Amino acid sequence: MEKSGITERKSMDYILKTNNLTKTYGKTNAVDSVSIHVKRGDIYGFIGKNGAGKTTFMRMVAGLAAPTRGEIELFGKRDLEKQRKRIGTLIENPGIYPNMTAEENLEVIRRSFGITDKNAVKDMLAFVGLGDTGRKKVKNFSMGMKQRLGIAISLFRNPDFLILDEPINGLDPAGIKEIRDLLLKLNTERNITILISSHILGELSKIATRYGIIKGGALIEEFAAEELSEKCRRCQKLAVDNAELAVTILEEKLHITEYDVPESGMLRVFGHLDESARVNRELITGGVEVRESYLAGQDLEAYFMDLLGES
Amino acid sequence: MINLLNGEWYKLGKSRSFLVCCICIVASVCLLYGMLFLVDEVQKGNVENGTAGVFVTVDGQEPLSGQSVFESVTVGEILQNIMVVFVVLISGIFNIIFVVGEYGNGAMKNLAGKGYSRGKIFAAKHMVCMLTTEIMVLLSAILNYALGCIFIGKACLEGAVLKDYVIYVLLISALVVAINSIIAVISEISRSLAVGIVVVVCVAGGISSLLFNALDLLLHNFSVQPSSYWLTNLMEECPVSGFETEIVLRIVISVVVWFGVSFAAGMWHFHKADIK
């Protein structure tokens, strides 16, 4: 019994898990065997070029497209129709009626899902900052206002998991900041797990706690934000003939403890970067043949571009 | 399901196109009576035929002078013209806008994949489409009857006339609903305004009847006449009084079959289709 409880808890730690999820159009795999893991509380940044398969993947998870193969697990369960009640989505453009006001748009949702609290509409509009739009028709809204209304619709049923596809596309810097702040607020205050795709990697890196990189329909890497910072950390890279001796010199003569040996004959020295010449000199004096020595490190965007083969 | 219908009903109340279509139906009925009134004036000799270059002919002949048009037509016959010419066209166009619009503005995504089965979503939307069609049919029938009472007079108030009128409205509304079921499903499948409009024009413009006539020719060796079960043909064939069992049965069977087939096809497609 206890064992089953533990299994249940472990499974519930993942809000979304897919196993070899595939969508095929004709002979093309738009999404190719994607196995993704979104943990409770994550803001999961889903990154890929146009046509990489991000939207198709999200549409399958949201129940808007049927997978060709593979499995989806939501909240640790496979009865997707029931579990999808706990999801809010904003995929591609927000689904709104342009000739209605923001309030009327939400009223359609309130009635369609049988939400009895009539104040819920006004409360939600106030929450996303659209409380004062009055009789203004949605067709006259700015792009940012439309996106916020789309987010309001996706939040209306108090979801535990939010799927947002390019929610900051086409927004000005102020609009981007508004959405970013709103998402952080939802994640921290309401404990909503978020799966978000965006092209604006700098923005994504400000909020994401975990990343998945998709290329040509396949998930090529999945890692936590801390791992990314580690990967992008600036360092002095050294190619040497004797790594063991080099490490001894670093520790005993230079008192450097922040280093690693990612592969044989290769050293990465973190910190003391302004003393790189001294490091070289001491290694050579100590009998180590230094074949290469250079300062390395990337910003997030360059790292993603590298992964996507764009650099 | 009731919640879904509630949402759809609210949307309908806010729909400007629904209001415009209802206004078009009212205007069409009034226009038809206006035309009949002018012909009546010509026939009575109050206005000379050919005034302002407008000539009135009845079956290609000069109208008989002295006789009122309103004495030679019944309220049912006028409704038949309204249904065949205007109501099918206008309700069809509204249904295209209503169905295709859901995909155009992306609002279908707000319902699909949110806990409701696809079947329930499709059924609710289809039911609302049929309900709007029924509203338009009833609007034209009631307005036609009211105007008939004014222009035709006491004849409309006779019990037998009213009974025939009610039966005719029931039969014709069933036919219009079945036609709109086909239009709504084609719009759902194609998700294209252009396709929907072409279909409405084909149906209302009589092209579909021509196709069924061609089918009759192809199948004449098998003693089958598909055109006698095609909805627009039945609309024209449907009597406004003296309802014989054969035609009533044919109408009922055709309505059930066409509605059932289109509903099942739409449901099947909506189940497997991706929502954009």
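Here the structure is a predicted model, which is why all the values come from computation and not from measurement.

### Remarks on the overall build of chain A
Here is step 1: Tallying secondary structure elements over chain A gives twelve helices and 14 strands in all.
Here is step 2: For chain A, the spread of C-alpha atoms along the principal axes amounts to about 80 × 50 × 45 Å.
Here is step 3: Here chain A holds 311 residues, and 48% of them are scored as buried.
Here is step 4: By element, 47% of the accessible surface of chain A is carried by carbon and sulfur atoms, the whole surface being about 14,600 Å².
Here is step 5: Where the 45 positive side-chain charges of chain A centre and where its 45 negative ones centre are 9 Å apart.

### Overview of the overall build of chain B
Here is step 1: Counting its secondary structure elements, chain B contains ten helices and zero strands.
Here is step 2: Beginning at the N terminus, the succession of helices and strands in chain B can be written as α-α-α-α-α-α-α-α-α-α.
Here is step 3: Surface accessibility of chain B: about 13,100 Å² in total, with carbon and sulfur atoms responsible for 70%.

### Considerations on the confidence of the model for chain A
Here is step 1: Here chain A averages 83 in pLDDT, and 95% of its residues register 70 or above.
Here is step 2: Counted against residues more than four places away or in other chains, residues 1-11 of chain A, with its pLDDT under 50, gives four contacts.

### Observations regarding the packing of aromatic side chains
Centre distance and the angle of the planes are the two values used to describe a pair of aromatic rings.
Here is step 1: Tallying each qualifying case throughout the model produces 15 aromatic pairs over all chains.
Here is step 2: Considering the side-chain rings of B:F122 and B:F270, the 5.9 Å spacing of their centres and the 35° angle between planes classify their relative orientation as tilted. A residue pair is termed long-range when its members are at least 10 positions apart, and B:F122 in helix α5 (residues 118-151) and B:F270 in helix α10 (residues 245-272) qualify at 148 residues.
Here is step 3: Feature note: the residues B:F122, B:F259, B:F263 and B:F270 constitute an aromatic cluster, connected by ring pairs.
Here is step 4: Positioned over the ring face of A:F127 is A:R190, at 4.2 Å from the centre of the ring.
Here is step 5: Just above the ring of B:F270 sits the side chain of B:R118; from NZ or CZ to the centre is 5.7 Å.

### Quick look at the side chain of B:K11
Here is step 1: Relative to the helices and strands, B:K11 resides in helix α1 (residues 2-14).
Here is step 2: Residue classification places B:K11 among the buried positions, given a relative accessible area of 4%.
Here is step 3: Here A:Y97 takes part through its side chain, which lies 3.0 Å from a polar atom of the side chain of B:K11.
Here is step 4: Every residue in contact with B:K11, bar those within four places of it in the chain, is listed here: A:Y97, A:M100, A:V108, B:F98, B:E102 and B:K125.

### Thoughts on a positive patch on the surface
Here is step 1: A contiguous patch of positive charge on the surface is contributed by A:K77, A:K82, A:K85 and B:K120.
Here is step 2: When you line up the elements, A:K82 lands in helix α3 (residues 80-83).

### A few points about the layout of surface pockets
Once rolled over the atoms, a probe with the size of a water molecule shows which space is left empty.
Here is step 1: For the largest pocket, the calculated volume is near 360 Å³.
Here is step 2: In terms of lining, the largest pocket is formed by 16 residues, of which the most central are A:Y97, A:N99, B:S15, B:S17 and B:N105.
Here is step 3: Looking at the lining of the largest pocket, the elements with two or more residues in it are α1, α2 (16-44) and α4 (75-104) of chain B.
Here is step 4: No other element matches the six residues that α4(B) contributes to the lining of the largest pocket.

### Topic: helix α4 (residues 102-112) of chain A
Here is step 1: Burial analysis of α4(A) places nine of its eleven residues in the buried class, the great majority of the element.
Here is step 2: All of the buried residues in α4(A) are A:A102, A:E104, A:N105, A:L106, A:E107, A:V108, A:I109, A:R110 and A:S112.
Here is step 3: In this structure, the buried residues of α4(A) make contact with α5 (120-127) and α6 (143-155) of chain A together with α1 of chain B.
Here is step 4: Of the residues one or two after α4(A), A:G114 is the one with positive phi, at around 60°.

Calculation notes
Residues numbered from 1 in each chain as written. Chains lettered and ligands numbered in written order. Predicted model: local features only at pLDDT ≥ 70, side-chain atom pairs only at ≥ 80, totals over all residues. Heavy atoms only, no water. Helix = DSSP H or I, 4+ residues; strand = E, 2+ residues; numbered from the N terminus. Buried < 20%, exposed > 50% of the residue type's maximum accessible area, 1.4 Å probe, protein only. Areas by Shrake-Rupley, 256 points an atom, 1.4 Å probe, with all protein chains shown as cover. Lys, Arg positive; Asp, Glu negative; His and termini not counted. Charge placed at Lys NZ, Arg CZ, Asp CG, Glu CD. pLDDT = per-residue confidence, 0-100. Contact = heavy atoms within 4.5 Å. Phe/Tyr/Trp six-rings, centres within 6.5 Å; stacked < 30°, edge-to-face > 60°. Lys NZ or Arg CZ within 6 Å of the ring centre and 35° of its normal. Polar contact = N/O pair within 3.5 Å; in protein donor to acceptor, adjacent residues only side chain to side chain. Patch = residues over 30% accessible without salt bridge, like charges linked within 9 Å, V, L, I, M, F, W, Y side chains within 5 Å. Salt bridge = Lys/Arg side-chain N within 4 Å of Asp/Glu carboxyl O. 1 Å grid on protein atoms, 1.4 Å probe; cavity = no way out; pocket = protein on both sides within 12 Å on 5 of 7 lines; lining within 4 Å. Points joined across faces, edges and corners; volume = space filled by probe spheres on them.

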